[in-house]
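Next come the chains, spelled out residue by residue.
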Amino acid sequence: MNPIKRLGGSTVRFALVYLALFGLSTSAVLGFVYTTSVGVIDSQTDHTIEAEITGLAEHYRQNGLIGLTEIVTRRSRGSPGRRNMYLVTDPRFAPVAGNLSRWPNEARDGPGWIDFLVETKGGTDARPQVARARIFFLADGFHLLVGRDTTERSAFRKRMTEALLGALALSVALGAAGGLLMGRHVLRRIDAINRTSRGILGGDLKRRVPI
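Rules and cut-offs
- Residues numbered from 1 in each chain as written.
- Predicted model: local features only at pLDDT ≥ 70, side-chain atom pairs only at ≥ 80, totals over all residues.
- Heavy atoms only, no water.
- Helix = DSSP H or I, 4+ residues; strand = E, 2+ residues; numbered from the N terminus.
- Buried < 20%, exposed > 50% of the residue type's maximum accessible area, 1.4 Å probe, protein only.
- Contact = heavy atoms within 4.5 Å.
- Areas by Shrake-Rupley, 256 points an atom, 1.4 Å probe, with all protein chains shown as cover.
- Salt bridge = Lys/Arg side-chain N within 4 Å of Asp/Glu carboxyl O.
- Phe/Tyr/Trp six-rings, centres within 6.5 Å; stacked < 30°, edge-to-face > 60°.
- Pairing = 2+ DSSP bridges.

### Brief notes about the overall build of the chain
Then, number 1: When you go through the chain residue by residue, the secondary structure sums to two helices and five strands.
Then, number 2: When the helices and strands of the chain are listed from N to C terminus, the series reads α-β-β-β-β-β-α.
Then, number 3: Taken across its 211 residues, the chain has 33% of its residues classed as buried.
Then, number 4: Considering only contacts within the chain whose residues lie at least 6 apart along the sequence, 53% involve residues at least 24 apart.
Then, number 5: Accessible surface computed for the chain: about 13,200 Å², of which carbon and sulfur atoms make up 61%.

As structure tokens, then:
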């Protein structure tokens, strides 16, 4: 077999192995960065909602429905663009107070966390908001919803995904180039050793393997 072709084939195999290992390690690192960053943001959102709904539930136990609707109304007015979302409904899910026009269908099954879309009004700029909320069932059949607009969080997650995919593609390209360069360098040295060894075996005892 032609030594040049053999060397070329070995270089490609070396580069593929190097690329596979490099790609796996890079993917693991980028995946860790993504899950950690998104997890921190999600955790902060959930803790904020949980703390607020716990405070409102306590306010309801101390001051009743009238006191709860008053504080929900105040907080709803102080939430421009409905970044913070509140809604108190009666046992039939009819709105009593808050800045949402209706009780989400996703929240009718029982207390817990939900993700839902909120239609906004604003002419040509109207767009659905992606929201995350905690549902709390009050005494006497009333319901309380506290949520936050997570549109920016979803947009951040999308941008981060695109950035990490771009970084992975660049890393793969650099890994392929690095694998080819390293493969050629290593395999040329091995081929030089082989040539020297063949010369020595052929009787040329003056030849020496490079250190």
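### Regarding the pattern of salt bridges
Then, number 1: Going through the model one piece at a time under the given rule, you end up with five salt bridges.
Then, number 2: In this structure, Asp46 engages Arg132 in a salt bridge whose closest nitrogen and oxygen atoms are separated by 2.7 Å. Of the two residues, Asp46 is situated in helix H1 (residues 3-77) and Arg132 in strand E4 (residues 128-137); the sequence distance between them amounts to 86 residues. For the residue pair Asp46 and Arg132, the accessibility class agrees, reading buried in each case.

### Focus on the packing of aromatic side chains
Then, number 1: Considering all chains together, one arrives at one aromatic pair under this definition.
Then, number 2: On the numbers, 5.6 Å between centres and 40 degrees between planes, the contact of Phe93 with Trp103 is tilted. On the criterion of sequence distance, the pair formed by Phe93 in the loop between strand E1 (84-89) and strand E2 (95-98) and Trp103 in the loop between E2 and strand E3 (112-119) is long-range, its members being ten residues apart.
Then, number 3: A residue is classified by how much of its surface remains accessible, and Trp103, at 1% relative accessible area, is buried.

### A closer look at unusual backbone geometry
Then, number 1: Although it is not a glycine, Phe93 adopts a positive phi angle of roughly 65 degrees.
Then, number 2: The buried category is assigned to Phe93, whose relative accessible area is 17%.

### What to know about the pairing of strand E5 (residues 143-149)
Then, number 1: Taken across its seven residues, E5 has seven buried, putting it largely inside the fold.
Then, number 2: Burial of E5 is two-sided: the residues His143, Leu145, Gly147 and Asp149 facing one way and the residues Leu144, Val146 and Arg148 facing the other way are all buried.
Then, number 3: Looking at chain direction, E1 and E5 are connected through six bridges and run antiparallel. Across the sheet, the residue bridging to Tyr86 is Val146, located in E5.

### Concerning the environment of Phe136
Then, number 1: Assignment of secondary structure puts Phe136 in strand E4.
Then, number 2: The class of Phe136 is partly exposed, set by a relative accessible area of 26%.
Then, number 3: Taking the C-alpha atoms as reference, Phe136 lies 7.1 Å from Gly112; in sequence the two are 24 residues apart.

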